[in-house]
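Each chain, written out:
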Amino acid sequence: MPVMAPEGTNRTAIITVDDDPGVSRAVARDLRRRYGERYRIVRAESGPAALDALSQMKLRGDLVAVILADYRMPQMNGIEFLEQAMDVYPGARRVLLTAYADTGAAIDAINVVDLDHYLLKPWDPPEEKLYPVVDTLIEAWRESDHRPVPEIKVVGHRWSARSSGVREFLARNQVSYRWYASDEPEGQRLLAAAGADGLALPVVITPDGEALIEPADAELASRVGLATMPSRDFYDLVVIGAGPAGLGAAVYGASEGLRTVLVERTATGGQAGQSSRIENYLGFPDGVSGAQLTDRARRQAAKFGAEVLTTRDVTGLEVNGSARSVRFADGSAIDAHTVILATGVSYRQLDAPGVDELTGRGIFYGSALTEVAACSGQDVFIVGGANSAGQAAVYLARGARSVTLLVRGPSLEHSMSHYLVQQIAHLPKISVRTCTEIIAAGGSDHLESLTLRDTATGRTETVSAQWVFVFIGAAPLTDWLDGVVARDARGFVVAGPDLSGYGERPRGWELDRPPYHLETSVPGVFVAGDARSESAKRVAAAVGEGAMAVMLVHRYLEKL
Ligand SMILES: Cc1cc2nc3c(=O)[nH]c(=O)nc-3n(C[C@H](O)[C@H](O)[C@H](O)COP(=O)(O)OP(=O)(O)OC[C@H]3O[C@@H](n4cnc5c(N)ncnc54)[C@H](O)[C@@H]3O)c2cc1C
């Protein structure tokens, strides 16, 4: 079915899809009347035709601001279409056109396709019913990270650790890029055009043709449109760490009028951002990927006016009277009335000879989702017996030839949720080796073998291996808080009643009141999520603590 779009130079489109040609023309006419000068109005008469058009636009590097889809269409209904359209243009705002009788389906779609709005037909007069909706969505789209640079090329090598680091960084920040292997013709052509010898990889080519050789995360971030510098030097609230707790705090802080900045060392999402599917977060009965949840949360924080800085490592916290100073690795600092520590935990490293050298060259921490395609048809090992390892096993089993879960303990049951143990038991590609640990990794430029030890018998065995994903627990990286904020023996930050036992003041605490629940040993500095001593280590708990910490920030500010 043809797609009707006017020729022109405008690179940003509004798409409308409706199987009734009359309705389709009418929507397009109304849209063109108001938005035709600034946007290309593209209309299609079926979901598949619209998807074709979206793919072509993607290849050309065009942008899409808003997609309006009719709900009732043969072949593919509006929700199914929007779900697929999201994969192509995740940032485009989504509207479902429905008849009154279909509002139930539209409400259901809010979770499935993260619907922004449903519009009842007829939408007459458009000035009242259509334009205010589309105006708001365009505004939201313009304010969101819709990436003004759609086409970034990364030329690298499969076994170059920095190449996989760069891909991981871009993917976790939802920056789209195209990957070219340096040993394939197109990759070599690009290297030649960039004047690069191919010894230092990767080479990242920005859309305006600039070649960055082996760029560091901060340089990359600034070239792909991610904010790295604070816009002011004083805030009401600095949130450190952009996992679920930090994102939750930023959404609540900014939406409640606090001048809020969220500072993240690598990429937004934290551990949750690396989860292939979170199945137990409230409101997502079909599960939600960490990347989707992160993307939505970040847009939400930005919508409310929170500043989000990436690639900024916080290395110090100082108390200067009523100001709390947050120092960055480069020595610069920002001040605030209050701070929320939401620094979570980081993966524990596997301690065995050969592992460090081969990290990024076959051994990966976390799910390294960017590597998943390369594992297709391969034999994969996963180390760990907790939920994160189980989720990764289920996810990788879709494409890999086999998945072997290496578990140090005697069974999965005591460390993994029942639902995952069940899923694993029903997937014939996954085998579980209990009482097993890795004692060495071998390979020249990439992983070739693992030496495994049976912890029950002490017997060792060397197996051939190219892909290992490690999930062996995590530790808080809070040494930089030493001497400033009280921490427990494992480095987790102690807060509220845990600081002193109920009823007593913690040592050195000078205020008349005891610390609030999530308040640390420094008044006005709060902690939320996995970084807190005795925390629940769950997405929902982290988000909830982020929200609660903001409530306590208000209480603190009222008495300042
Ligand atoms: C693979 C995987 C799957 C999981 N699946 C589930 C699940 O299905 N359900 C569930 O409930 N939970 C799940 N979890 C646990 C859940 O993800 C965590 O409990 C949650 O992410 C904790 O959120 P957080 O914000 O406290 O910390 P984190 O998610 O750890 O985020 C902390 C952030 O702070 C940043 N940071 C740290 N130090 C600094 C610093 N000094 N300066 C700047 N930034 C800093 C880090 O880079 C990180 O982005 C999973 C975890 C993993 C790893």
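What counts, and at which threshold
- For every chain, the first residue of its written sequence is number 1, and the numbers climb from 1 along that sequence.
- Under the rules for a predicted model, residues below a pLDDT of 70 receive no local features and side-chain atom pairs below 80 are neither given nor counted, while totals for whole chains, interfaces and linings still include all residues.
- Excluding hydrogens and water, the side-chain figures rest on all heavy atoms present in the structure.
- In this description a helix means any DSSP run of H or I spanning at least four residues, a strand means any run of E spanning at least two, and both kinds are numbered starting from the N terminus.
- In this description the radius of gyration comes from C-alpha coordinates, and the expected globular size is given by 2.2 Å times residues to the power 0.38.
- Throughout, exposure labels follow a simple rule: accessible area from a 1.4 Å probe, protein chains only, divided by the maximum for the residue type, with under 20% read as buried, over 50% as exposed, and the rest as partly exposed.
- The contact criterion used throughout is that any non-hydrogen atoms of two residues lie within 4.5 Å.
- Exposure was quantified through the Shrake-Rupley algorithm and a 1.4 Å probe, taking into account, for residues, occlusion by the shown protein chains and nothing else.
- Residues counted as positive are Lys and Arg, residues counted as negative are Asp and Glu, and His and the chain ends are not counted.
- Where a charge lies is defined by one atom per residue type, namely NZ (Lys), CZ (Arg), CG (Asp) and CD (Glu).
- Here, proximity means that at least one heavy atom of the residue falls within 4 Å of the molecule or strand.
- Two N or O atoms form a polar contact when they lie within 3.5 Å of each other; inside protein one atom must be a possible hydrogen donor and the other a possible acceptor, and for residues adjacent in sequence the pair counts only when both atoms belong to side chains.
- By the convention adopted, Pro, Cys, Tyr, Trp, Phe, Met, Ile, Leu, Val and Ala count as nonpolar, Lys, Arg, Asp and Glu as charged, and the other residues, Gly among them, as polar.
- Any two strands are treated as partners once DSSP identifies two or more bridges connecting them.
- For helices, the fitted axis covers only the stretch in contact; all axes are lines through C-alpha atoms, and the angles between them, taken along N-to-C directions, range from 0 to 180 degrees.
- Expected span, for any helix, means 1.5 Å times one less than how many residues it has.
- For this analysis, a nonpolar core means a set of buried residues of the types Ala, Val, Leu, Ile, Met, Phe, Trp, Tyr and Cys, connected via side-chain atoms within 4.5 Å.
- Surface patches are defined over residues having more than 30% relative accessible area and no salt bridge, joining like charges when they lie within 9 Å and nonpolar side chains (Val, Leu, Ile, Met, Phe, Trp, Tyr) when within 5 Å.
- Each reported salt bridge corresponds to a side-chain nitrogen of Lys or Arg within 4 Å of a carboxyl oxygen of Asp or Glu.
- Clockwise travel from the first strand over the helix to the second, with the strands pointing away from the viewer, marks a crossover as right-handed.
- Any pair of Phe, Tyr and Trp rings, taking the six-membered ring for Trp, is counted once the centres come within 6.5 Å. Such a pair is stacked with planes under 30 degrees apart, edge-to-face with planes over 60 apart, and tilted for the rest.

Another aspect to go through is the overall build of the chain. Within the chain, the regular secondary structure consists of 15 helices and 27 strands. In terms of overall dimensions, the chain is globule-like: its C-alpha atoms have a radius of gyration of 25 Å, near the 24 Å expected for 560 residues. By its C-alpha atoms, the chain is 70 × 65 × 50 Å across when sized along the principal axes. Considering the chain as a whole, with its 560 residues, one finds that 53% of them fall into the buried category. Partitioning the intrachain contacts of the chain with sequence separation of at least 6 by distance along the chain shows that 64% fall at a separation of at least 24. Summed over its atoms, the accessible surface of the chain is roughly 24,700 Å², and 50% of this surface lies on carbon and sulfur atoms. A distance of 1 Å separates the average location of the 56 positive side-chain charges in the chain from that of its 70 negative side-chain charges.

Among the 35 residues in the neighbourhood of the ligand, the closest are listed as Glu264, Gln271, Asn280, Gln391 and Asp530. Within the side chain of Asn280, a nitrogen or oxygen atom sits 2.8 Å from a nitrogen atom of the ligand. Within the backbone of Arg538, an N or O atom sits 3.2 Å from an oxygen atom of the ligand. For the ligand, whose accessible area on its own is 1,000 Å², the fraction buried by protein is 94%. Elements with a minimum of two residues in the shell around the ligand: helix H10 (244-255), helix H13 (387-396) and helix H15 (539-558). Grouping the constituent residues of the shell around the ligand by class yields 16 nonpolar, 12 polar and 7 charged.

Attention now moves to the sheet that holds strand S20 (residues 402-406). Strand order in the open sheet formed by 5 strands is S18-S25-S19-S20-S21, and the pairing between neighbours is parallel. What marks the edges here is a single partner per strand, and that holds for strand S18 (363-365) and strand S21 (430-433). The sheet shows a mean angle of 20° between the axes of neighbouring strands, direction not considered. With 5 bridges joining them, strand S19 (residues 379-383) and S20 adopt parallel strand pairing. For Val380, the partnering residue across the bridge sits in S20 and is Val403. Sheet contacts for H13: S19, S20, S21 and strand S25 (467-470); angle to S19, the most-contacted strand, approximately 170°.

In a regular helix each residue adds 1.5 Å, so 14 residues correspond to 20 Å; helix H11 (residues 290-303) covers 20 Å between its end C-alpha atoms and thus fits that length. Considered for burial, the residues of H11 that qualify are Gly290, Leu293, Thr294, Asp295, Arg296, Ala297, Arg298, Arg299 and Ala301. Remark: Gly305 follows H11 within two positions and exhibits a positive phi of approximately 100°.

With antiparallel pairing, 3 strands are arranged side by side in an open sheet as S22-S23-S24. Only two strands of the sheet have a single neighbouring strand rather than two, namely strand S22 (436-442) and strand S24 (460-464). The sheet shows a mean angle of 30° between the axes of neighbouring strands, direction not considered. The pairing of S22 with strand S23 (residues 449-454) spans 6 bridges and is antiparallel. Following the sheet pairing, Gly442 is matched in S23 by Ser449.

For soluble globular proteins, nonpolar side chains are generally found buried alongside one another. Counting 29 residues, the largest nonpolar core has Ile15, Leu54, Val64, Ile67, Phe81, Leu82 and Leu96 as the members making the most contacts within it. If you list the elements that add at least two residues to this core, you get strand S2 (12-17), strand S3 (40-44), helix H2 (47-60), strand S4 (63-70), helix H3 (78-88) and helix H4 (103-112). The contacts of Val64, once residues within four sequence positions are left out, are Ala13, Ile15, Leu54, Met57, Tyr89, Ala92 and Trp141. Formed by 27 residues, the second largest nonpolar core is a distinct cluster that contains Ala242, Ala245, Ala306 and Tyr516.

Moving on: a negative patch on the surface. On the surface, a cluster of negative charge is contributed by Glu80, Glu83, Asp87, Glu279 and Asp286. Topologically, Glu83 is positioned in helix H3. Glu83 sits in the partly exposed class, given a relative accessible area of 38%.

In this structure, Pro125 follows Asp124 across a cis peptide bond, with omega equal to -15°. Here Pro125 shows up in the loop between strand S6 (117-120) and helix H5 (126-129). Look at the link from Leu201 to Pro202: it is a cis peptide, with omega at 5°. Tracing the sequence through the fold places Pro202 in the loop between helix H8 (185-194) and strand S9 (203-205). Of note, the phi angle at Thr311 is positive, near 55°, even though the residue is not glycine. Relative to the helices and strands, Thr311 is located in the loop between strand S13 (307-309) and strand S14 (314-320). One non-glycine residue, Glu534, adopts positive backbone phi at about 65°. Relative to the elements of secondary structure, Glu534 occurs in the loop between strand S27 (525-527) and H15. Overall, the relative accessible area of 66% leaves Glu534 in the exposed class.

Moving on to the pairing of strand S7 (residues 153-156). Sheet topology places S7 next to strand S8 (residues 178-181); 4 bridges connect them, and they run parallel. Of the residues in S8, the one forming a bridge with Lys153 is Arg178. On the question of chirality, the crossover connecting S7 to the parallel S8 by way of helix H7 (residues 161-172) is right-handed. As judged from the 3 bridges shared by S7 and S9, these two strands associate in the antiparallel manner. Paired with Val154 across the strands is Val204, a residue of S9.

On to the packing of aromatic side chains, then. Applying the stated criterion across every chain yields a total of 7 aromatic pairs. Between Tyr281 and Phe284, the ring centres sit 6.1 Å apart and the planes meet at 15°, which makes this aromatic pair stacked. On the basis of relative accessibility, which here comes to 19%, the residue Tyr281 falls in the buried class. Classification of Phe284 by relative accessible area gives buried; the value is 14%. Here Phe526 and Tyr556 contribute two aromatic rings whose centre-to-centre distance is 6.4 Å and whose plane-to-plane angle is 85°, an arrangement assigned as edge-to-face.

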